[in-house]
Amino acid sequence: MIPPGYHPTDRKRSWGRLPRGLQYVAEPTFHDEIPRLAQAAGAAEMSVLAIGLGRSYGDSGLNLGQAAIDMRRVDRVMAFDWTTGVIRAEAGLSLSDLITRVAPHGWFPPTTPGTRFVTLGGAVANDVHGKNHHRAGSIGVSVRRLGLWRSDRGLIEISPTEEPDLFAATIGGLGLTGLIQWVELQLVPIASTHLDQENIAFGGLDEFFALADESAQSHEHTVSWIDCASRGASLGRGIFSRANWRTDGRRDLHDDAKGITFPIDLPGFALNPLSLKLFNTVYYGRQKSKPALQDLHYEQVFYPLDAIFGWNRLYGAGGFYQYQCVIPPETARDAVAELLDAISRSGQGSFLAVLKTFGDVVSPGLLSFPRPGVTLALDFANRGDAAHMLMARLDDIVLAAGGRLYPAKDGRMPPVLFKAGYPEWSRFARQVDPACSSSFWRRIHHG
Ligand SMILES: Cc1cc2nc3c(=O)[nH]c(=O)nc-3n(C[C@H](O)[C@H](O)[C@H](O)COP(=O)(O)OP(=O)(O)OC[C@H]3O[C@@H](n4cnc5c(N)ncnc54)[C@H](O)[C@@H]3O)c2cc1C
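Every residue gets a number counted from 1 within its own chain, in the order that chain's sequence is written. Confidence filtering applies because this is a predicted model: local features only for residues at pLDDT of at least 70, side-chain atom pairs given and counted only at 80 or more, and all residues used for totals across whole chains, interfaces and linings. Side-chain measures here rest on the full set of heavy atoms in the structure, leaving out hydrogens and waters.

In this description a helix means any DSSP run of H or I spanning at least four residues, a strand means any run of E spanning at least two, and both kinds are numbered starting from the N terminus. If you tally the helices and strands in the chain, you get 13 helices and 21 strands. Restricting the calculation to C-alpha atoms gives the radius of gyration, and the globule rule supplies 2.2 Å times the number of residues raised to the power 0.38. Against the compact-globule benchmark of 22 Å for 447 residues, the chain has a radius of gyration of 21 Å, which places it among compact chains. Along the first, second and third principal axes, the C-alpha atoms of the chain reach 60 × 55 × 45 Å. When burial is assessed residue by residue, the chain has 56% of its 447 residues classed as buried. Two residues form a contact once any of their heavy atoms are found within 4.5 Å. When contacts within the chain are restricted to residue pairs at least 6 apart in sequence, those whose partners lie at least 24 apart make up 75%. Each residue's exposure class comes from its accessible area (1.4 Å probe, protein chains only) as a fraction of the maximum for that residue type: buried when under 20%, exposed when over 50%, partly exposed otherwise.

Below is the structure:
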């Protein structure tokens, strides 16, 4: 039976376009529709999951065969104090829309992922991090209060001091502790919408770590692109980018209509060891020759990929996986070298591989991904067994190094790796709303 208010569709996909299948989706406009919709799913013996803009890569934002409530239209700003920078908004508001409302008043989100096309609810449910993690931590650090609808309690308000256990489970809680109706967030002041960005080429991992150490004090935003096709003497070479906000009073905004559309699903043969190596070599050379210091708009610093609509088609019609791990400081240097070596030997790997150090600002989230250490993120086209065998090899390295994978990017990690990486998972499981589930959770918890 299709629950009233829902329609069946197989068109809702995650960013990696894997896995695929039918979901029963409702698209409310008002937050007071949520209880009725969640109850309708329950009456049809289906679990329910709130979903946002579908920017998670794997199956944590999917509830295949079950019900999903698409929150994108529940997106009103409820209150904004432009003297303190505290905003309360419905969970479907995108970071893109939030920025256009608050940046003219000199405020910005406390941290931002590499795309502005995420909802507030999605950002909280994955406790997202950005290039300023070493200073600001993840978004959960700046969440003051949440309005959470639970099937067993109705709408409740939670904060670090009111129902702290449920709050801790909901930050990075993968949508499983209930439906977030609104988010109250502390923004940060900015004195310009532009940043000074410096790009520095590095020849290997030792240079990367030295740059990361040096820049942690001097720069608010740091990230590196890494050439994942290089081997031997140039293993781990890349471009280190570091940036600070300018103070020149400019207030110009981004434009969501501006950009180019990636036209086709790239055929599988276009992605091969040779084309990947060629791209990485050319990209490294071009970035190296760019001016070292640039005055850039936040759109160019934080969201370069948002200018290419549908870039996820680059990896072909079969979809792709993103692999993002974090490795503790003690084992980071050797484990990252081992990971990069395994990837370059496999001839798989991606155009965009990212390396960044995380700081020690602690998130309240029980399942929060960031922890002190180094995070490596890269994409693998879905080449069936070859991709799975490579990722299994990477899992072994991550596990041995005491690291963990990011659920927001995952569609295949084995339960044992999740449980080793997230020792608080059973404490978290006690806070899961009995009506909520996801494809990720069934795979990890019951798989
Ligand atoms: C190009 C790109 C770059 C990225 N860069 C980064 C990065 O730098 N750092 C980072 O941390 N992440 C990054 N991400 C991942 C992205 O930030 C997260 O996956 C984010 O959670 C996506 O938000 P969404 O609105 O699309 O939510 P969805 O992907 O639709 O859902 C994500 C999770 O949020 C839950 N959820 C959504 N809305 C609600 C709600 N109202 N109540 C309860 N639960 C809810 C869902 O159930 C699901 O578990 C990137 C993704 C892309 C595509």
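Resuming the write-up.
A helix's residues, less one, multiplied by 1.5 Å, set its expected span. Taking 1.5 Å per residue as the helical rise, helix H10 (residues 385-400) with its 16 residues ought to reach 22 Å, and the 23 Å between its terminal C-alpha atoms agrees with that figure. Those residues of H10 that fall on the buried side of the exposure criterion are Ala387, Leu390, Met391, Leu394, Asp395, Ile397 and Val398. Projection of H10 onto a plane perpendicular to its axis shows the buried side chains occupying an angular sector of 165°, all on one side. Across H10 from its buried face, at more than 90 degrees, point the exposed residues Asp385, Met389 and Ala400. Contacts from the buried residues of H10 go to strand S18 (320-327), helix H9 (329-346), strand S20 (373-381), strand S21 (404-405) and helix H11 (415-421). Where H10 terminates, the next one or two residues include Gly402, which has phi positive at roughly 75°. To be clear, the arc concerns the directions from the helix axis to the C-beta atoms.

Our next topic: the UniProt feature "domain: FAD-binding PCMH-type" (unreviewed entry) in the chain. UniProt positions are given in the numbering used here, feature names are shortened, and annotations may be inferred rather than shown by experiment. Per the UniProt record, "domain: FAD-binding PCMH-type" (unreviewed entry) is annotated on residues 17-190. Measuring from the first to the last C-alpha atom of residues 17-190 gives 36 Å, for a span that is 20% helix and 27% strand.

This brings us to the sheet that holds strand S5 (residues 77-81). Strand order in the open sheet formed by five strands is S5-S6-S10-S8-S9, and the pairing between neighbours is antiparallel. Taken across any chain shown, the strands that pair with only one partner, and hence form the sheet edges, are S5 and strand S9 (154-158). Along the sheet, successive strands turn relative to each other by an average axial angle of 10°, direction set aside. Pairing between two strands requires that DSSP report at least two bridges joining them. Sheet topology note: the strand S8 (residues 143-150)/strand S10 (residues 179-186) ladder contains six bridges and is antiparallel. By the bridge assignment, Gly147 is partnered in S10 with Trp182. Each axis is a line fitted through C-alpha atoms, and for a helix only the stretch in contact is used; angles between axes span 0 to 180 degrees, taken between their N-to-C directions. Running over the sheet, helix H1 (residues 34-43) touches S8 and S10 and is turned about 50° from S8.

This paragraph deals with the site of the ligand. Inspection of the region around the ligand gives 34 residues, with Ala50, Arg55, Ser56, Thr119 and Tyr406 positioned closest. Any N or O atom pair separated by 3.5 Å or less is treated as a polar contact, with the protein-specific requirement of one donor-capable and one acceptor-capable atom, and with residues adjacent in sequence counted only for side-chain atom pairs. One of the backbone nitrogen or oxygen atoms of Ala50 is found 2.6 Å away from an oxygen atom of the ligand. For the ligand, an oxygen atom lies 2.8 Å from a polar atom in the side chain of Thr119. Burial of the ligand by the protein amounts to 96% of the accessible area it has alone, namely 980 Å². Breaking the shell around the ligand down by element, the ones donating at least two residues are strand S3 (48-51), helix H3 (120-125) and S10. A breakdown of the residues in the shell around the ligand according to their chemical character gives 18 nonpolar, 14 polar and two charged. One heavy atom within 4 Å of a molecule or strand is enough for the residue carrying it to be called near that molecule or strand. Note that accessible areas follow from Shrake-Rupley with a 1.4 Å probe, and for residues the cover is restricted to the protein chains shown. We call Asp, Glu, Lys and Arg charged. Ala, Val, Leu, Ile, Met, Phe, Trp, Tyr, Cys and Pro are nonpolar, and the rest, Gly among them, are polar.

With that settled, consider the side chain of Ser142. Looking at the element boundaries, Ser142 is found in the loop between helix H4 (133-136) and S8. Under the relative-accessibility criterion, Ser142 is labelled buried at 14%. Contact partners of Ser142, with chain neighbours within four places excluded, come to Pro110, Glu184, Leu185 and Gln186.

Here we come to H9. For an α-helix, the turn length of 3.6 residues means that residues three or four places apart are oriented alike. The terminal C-alpha atoms of H9, which comprises 18 residues, lie 26 Å apart, in line with the 26 Å expected from a rise of 1.5 Å per residue. Those residues of H9 that sit buried are Ala332, Ala335, Val336, Ala337, Leu339, Leu340, Ala342, Ile343 and Ser344. On the buried face of H9, the contacting elements are helix H6 (205-218), strand S13 (221-226), S18, strand S19 (353-358), S20 and H10. Residue Gly347 follows H9 closely and has a positive phi angle near 75°.

So, on to the packing of H9 against H10. H10 packs onto H9 with a crossing angle of 170° between their chain directions and a minimal axis gap of 10 Å. It follows from the interaxial angle that H9 and H10 lie roughly antiparallel. Residues Ala335, Glu338, Leu339, Ala342, Ile343 and Ser346 of H9 lie in contact with H10, whose contacting residues are Leu390, Arg393, Leu394, Ile397 and Val398. In terms of residue class, the contact of H9 with H10 is made up of eight nonpolar, one polar and two charged. Any angle that falls under 35 degrees is termed roughly parallel, while one over 145 is termed roughly antiparallel, one within 65 to 115 roughly perpendicular, and all others oblique.

For any two helices packed against each other, the geometry is given by the interaxial angle and the distance between the axes. The geometry of H6 relative to H9 is characterised by a closest axis approach of 11 Å and an angle of 135° between their N-to-C directions. Between H6 and H9, the crossing angle belongs to the class labelled oblique. With respect to the hand of their crossing, H6 and H9 are arranged in right-handed fashion. Facing Leu205, Asp206 and Phe209 of H6, the residues of H9 in contact are Ala332, Arg333, Val336, Ala337 and Leu340. Should the near helix be turned counterclockwise from the far one by less than a right angle, the crossing is left-handed, whereas a clockwise turn marks it as right-handed.

Attention now goes to the sheet that holds strand S2 (residues 23-26). Within the open sheet, the four strands sit side by side as S1-S2-S4-S3. Their pairing is mixed. Each having just a single partner strand, strand S1 (7-9) and S3 make up the two edges of the open sheet. Taking each pair of neighbouring strands and ignoring which way they run, the sheet shows an average axis angle of 35°. Pairing of S1 with S2 involves three bridges; the strand directions are antiparallel. The residue of S2 that forms the bridge with Pro8 is Tyr24. Together, S2, S3 and strand S4 (67-70) form the strand contacts of H1, whose direction differs from that of S4 by roughly 165°.

Counting residues in hydrophobic clusters, the biggest one holds 101 residues, and the most contacted among them are Tyr6, Val48, Leu146 and Phe418. With eight residues, the single largest contributor to this core is H9. When neighbours within four sequence positions are excluded, Leu146 is seen to be in contact with Val124, Ile156, Glu157, Ile158, Phe167, Thr170, Ile171, Ile180, Trp182 and Val183. What is meant by a nonpolar core is a set of buried Ala, Val, Leu, Ile, Met, Phe, Trp, Tyr and Cys residues, joined one to another through side-chain atoms within 4.5 Å. Counting twelve residues, the second-largest nonpolar core is a separate cluster that includes Ile190, Leu195, Leu296 and Tyr303.

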